[in-house]
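# Structural description and commentary
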Amino acid sequence: MSEATSNTSVPGASPTIRSGGGLKGFMRATEIDTRMLGMIGALLVIWVGFHILSGGTFLTPRNLWNLSVQTASVGVMATGMVLVIVTRNIDLSVGSILGVTGMIMAVAQTQYLTPMLGYDSGLVWIATLIVGLLCGLVIGGLQGFIIAYLGVPAFIVTLGGLLVWRGGAWWVASGRTIPLTDDNFKLLGGGSDGSIGATWSWILAALAVVFIVFGAFAARRQRKRFAFAVKPMWAEAVTVGISVIAVIVATMIVNSYLLPGPLARRYADANGIAVPEGGLQISFGYAVPVLLFIGVGIVMTFIARRTRFGRYVFAIGGNPEAADLAGINTKRVTLMVFALMGMLAAVAAAISTARLSSATNAQGTLDELYTIAAAVIGGTSLAGGAGTIAGAMLGALVMQSLQSGMVLLGMDTPLQNIVVGAVLVVAVWLDTIYRRRAA
Amino acid sequence: MSTTMEEIRDHGPGHHHDSVDRTGAPLVAMEDISIAFGGIHAVDHASIDLYPGEVVALLGHNGAGKSTLIKILSGAYKRDSGEIYVRGEKASIGNPRDAKAYGIETIYQTLALADNVDAAANLFLGREIMTAWGTLDDGAMEAEARKVMGRLNPNFRRFKEPVKALSGGQRQSVAIARAILFNAKILIMDEPTAALGPQETAQVADLIKELKKEDIGIFLISHDIHDVFDLSDRVVVMKNGQVVGSAKTEDVTKDEVLGMIILGKCPAGATPGPGAMKE
């Protein structure tokens, strides 16, 4: 019963968590989530498996870099889907919202913003993005209003939305494909231009390391302030160490993906770099959409764990009636969750539109299913009340790894769908077993 | 009422002398309250009041309307008609937040806890302590939670676990702690001991006595007279949405109150209400 912590009466002295020996003790002391560890394990199995099956083409800098870019769009939406599912709702319309906001952004950019602000204006990309985010916010907010205040089930409202916004995407440009005009906006999609290069990647990695170390110290100081039990120092070192190594390895991988010869030469010409002996070594570094994805993940984690809104989202998921009786405006929170989801769908739309350099009518088709699958594989309970942003981000990476791997193996699309569908069911089944054991 | 009868009852076992001062304005008075759900009069012109330091037991069968009446006071339901007065002044209570602003706190029969978050998050749900940057101050909330839980349930250690992992008694302590944490003036306890063992029931009884001393008024709602008879200063009985009658606990016996609950029959020591059986 009182295994983990013990309060102390001596002010200023924080006891150390008594962890006991063995693997169980190790997990308890480091506070590593077993579910998260299981997911990372599954991911590694998938990666190594595909690497072997594909004859050594999966775990290459080039493939992993592409994987990171391909994960960004669905991953961004999965962070919002966590909050939607935690409140015992569902959003089936995110793929269509992605489609319509992508189309609106493309039309706004080519027909209004570029002529208005000028072809070379550095403001076009941000203006386009703001238009898209506002549209996503309004669309999501409208659906949230119908769900929260008019009492129509989320399943029905967003199923309607799935059709309505897909139709809307067609209607905005009469089904045409709209190519983007602004080169700055295209950077949001990645590619050789939309990557930050080796130097900036290392600078960001250094910042991330500082952030991780500082975060660990801040958490420790906070617990000492109230004389709560703290992790043993070695456990702190292990968790910080693993995170730091992960950051460094990831940075090394993206930096070892080099621009192919002709592209590198063009880049060198454009930037006035002399071509050295033995050819150019210009790294891609982190892609802009990946940084956007990570940024969204950090912001969403902050919202979920450190704000009142996030606390209410989880409380509503745990017991809606109790949340109501505690004086929480549950309807407003529900509306805000859907509005946020709509906005994240617009962020995903910006990424995928920029990546394709154009908006198409079918963009985002079936993304709602991949988004929901990512959240659920990432440990979000469809019963509500449980889920993490980081889990959903990993879930998105698992889904994308499966897909990319199967493409690499040259599997047919129908077979890919069969595998993805089966994996989703098996993952949720395993999760159900895990929860039953934990309860 | 004869003086001899009163004297006898004063010395009866388990009965204390009524020491509640009822001269001022009542702490809370609900007057002529009605609410209907789909044509069924769940509460039908019911009136009830409560004085500082008083424990009023609200009794009746399941479906008698007692929980519904009290949910109107706690802001969970909106009444169709009637008025609520707090310390003699008309109060407007339209939702749970309004009720809490008047110092009305409720411990629901279901406990109304968010099972997936920890004790501190439940204690401060809707009233979180924030840092200077507008973020949740979980450390400060946990520290406060440790203080109040230390008073109610000194053995409680499971501050990091979601409350669904706790035992029935521990969950009850969390619900009680939440109600008294914010200086409640009026406390509503719906079937407070129904799910508890004998030792925990005794703890709740001790707590009620302690809160009485702090001049907090308490409504105890129960369908079982034995749970609440010895704790209460006054009993009010409801049947079919109406008040059968009310009486000082010292003026009636358990059997008489049972007669009120089952038959709606008002004994001599009680003040009959609109729901009393007509002679």
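What you see is a predicted model, and the numbers here were worked out from it, not measured in a lab.

Conventions we followed
Residues numbered from 1 in each chain as written. Chains lettered and ligands numbered in written order. Predicted model: local features only at pLDDT ≥ 70, side-chain atom pairs only at ≥ 80, totals over all residues. Heavy atoms only, no water. Helix = DSSP H or I, 4+ residues; strand = E, 2+ residues; numbered from the N terminus. Rg over C-alpha atoms; globule rule 2.2 N^0.38 Å. Buried < 20%, exposed > 50% of the residue type's maximum accessible area, 1.4 Å probe, protein only. Areas by Shrake-Rupley, 256 points an atom, 1.4 Å probe, with all protein chains shown as cover. Lys, Arg positive; Asp, Glu negative; His and termini not counted. Charge placed at Lys NZ, Arg CZ, Asp CG, Glu CD. Contact = heavy atoms within 4.5 Å. Buried area = accessible area lost by both parts, 1.4 Å probe. Salt bridge = Lys/Arg side-chain N within 4 Å of Asp/Glu carboxyl O. Polar contact = N/O pair within 3.5 Å; in protein donor to acceptor, adjacent residues only side chain to side chain. Nonpolar A, V, L, I, M, F, W, Y, C, P; charged D, E, K, R; others polar. Pairing = 2+ DSSP bridges. Axes fitted to C-alpha atoms, helices over the stretch in contact; angles between N-to-C directions. 1 Å grid on protein atoms, 1.4 Å probe; cavity = no way out; pocket = protein on both sides within 12 Å on 5 of 7 lines; lining within 4 Å. Points joined across faces, edges and corners; volume = space filled by probe spheres on them. pLDDT = per-residue confidence, 0-100.

### A closer look at the overall build of chain B
Per the secondary structure count, chain B includes nine helices and 11 strands. Here chain B has a C-alpha radius of gyration of 19 Å; the compact-globule value for 279 residues is 19 Å, and the two agree. When its C-alpha atoms are laid out on the principal axes, chain B stretches across 65 × 45 × 35 Å. Here chain B holds 279 residues, and the buried ones make up 54% of them. When the accessible area of chain B is evaluated, it comes to approximately 12,200 Å², of which 51% is carbon and sulfur surface. Of the side chains in chain B, 30 bear a positive and 39 a negative charge, and the two mean positions are spaced by 5 Å.

### Observations regarding the interface of chain B and chain A
Listed as interface residues are 34 residues of chain B and, on the opposing side, 32 residues of chain A. Counting the surface lost from both chain B and chain A, the interface buries some 2,800 Å², and carbon and sulfur atoms represent 55% of this. Looking only at chain B, the three residues that lose the most surface to chain A are B:Leu125, B:Leu136 and B:Arg146, adding up to 20% of its buried area. One can count four salt bridges joining chain B with chain A. At the boundary of chain B and chain A, one finds 11 residue pairs in polar contact (both at pLDDT 80 or more). Secondary-structure elements contributing two or more residues to the side of chain B that touches chain A are helix 3 (96-101) and helix 5 (138-152) of chain B. Counting residues per element, the side of chain B that touches chain A draws most heavily on helix 5 of chain B, which supplies seven residues. Class assignment for the residues of the side of chain B that touches chain A results in 14 nonpolar, six polar and 14 charged.

### Quick notes on the pairing of strand 6 (residues 104-107) of chain B
All names here are of chain B. Both faces of strand 6 are covered, namely the face carrying Ile104 and Thr106 and the face carrying Glu105 and Ile107. By the bridge criterion, four bridges tie strand 6 to strand 7 (residues 186-190) in an arrangement that is parallel. Among the inter-strand pairings, Glu105 is bridged to a residue of strand 7, identified as Leu187.

### So, the pairing of strand 8 (residues 217-222) of chain B
All names here are of chain B. Taken across its six residues, strand 8 has six buried, putting it largely inside the fold. Covered by surrounding structure in strand 8 are Gly217, Phe219 and Ile221 together with Ile218, Leu220 and Ser222, the residues of both alternating faces. Here strand 3 (residues 55-59) runs beside strand 8; their pairing, made up of five bridges, is parallel. What sits directly across from Val56, in strand 8, is Phe219. Looking at chain direction, strand 7 and strand 8 are connected through five bridges and run parallel. Paired with Leu187 across the two strands is Ile218, which belongs to strand 8.

### Observations concerning helix 12 (residues 308-318) of chain A
Buried residues dominate helix 12 of chain A, accounting for 10 of its 11 residues. Looking at helix 12 of chain A, one finds that the buried residues are A:Phe309, A:Gly310, A:Arg311, A:Tyr312, A:Val313, A:Phe314, A:Ala315, A:Ile316, A:Gly317 and A:Gly318. Elements in contact with the buried residues of helix 12 of chain A: helix 3 (61-86), helix 11 (288-306), helix 13 (320-325) and helix 14 (330-356) of chain A together with helix 4 (119-123) and helix 5 of chain B.

### As for the sheet that holds strand 11 (residues 271-272) of chain B
Residue and element names in this part refer to chain B. Across the sheet, which stays open at both edges, the seven strands sit in the order 6-7-8-3-9-10-11 with mixed pairing between neighbours. The open sheet terminates on both sides in strands that have one partner only, identified here as strand 6 and strand 11. Summarising the sheet, strand 3 and strand 9 (residues 234-239) pair through four bridges and their orientation is parallel. When the bridges of strand 9 are listed, Leu59 appears paired with Val237. Sheet strands in contact with helix 2 (residues 66-73) are strand 3, strand 6, strand 7, strand 8 and strand 9, and its direction is about 150° off that of strand 8. Where helix 9 (residues 254-263) meets the sheet, its contacts fall on strand 3, strand 9 and strand 10 (242-248), and the angle it forms with strand 9 comes to roughly 20°.

### Here we look at the layout of surface pockets
Residues and elements named next belong to chain A. The space that makes up the second largest pocket amounts to roughly 620 Å³. Gln70, Arg355, Asp367, Gln400 and Gln403 are the residues nearest the centre of the second largest pocket, which is lined by 25 residues in total. When contributions to the lining of the second largest pocket are tallied by element, the ones reaching two or more residues are helix 3, helix 14, helix 15 (367-377) and helix 16 (389-408). Of the residues contributing to the lining of the second largest pocket, the split by class is 11 nonpolar, 12 polar and two charged.

### Comments concerning the confidence of the model for chain A
Looking at chain A, the pLDDT average stands at 90 and 94% of residues meet or exceed 70. Low confidence marks residues 1-12 of chain A, where pLDDT is under 50. Its contacts with residues over four positions away, or in another chain, come to 23 contacts.

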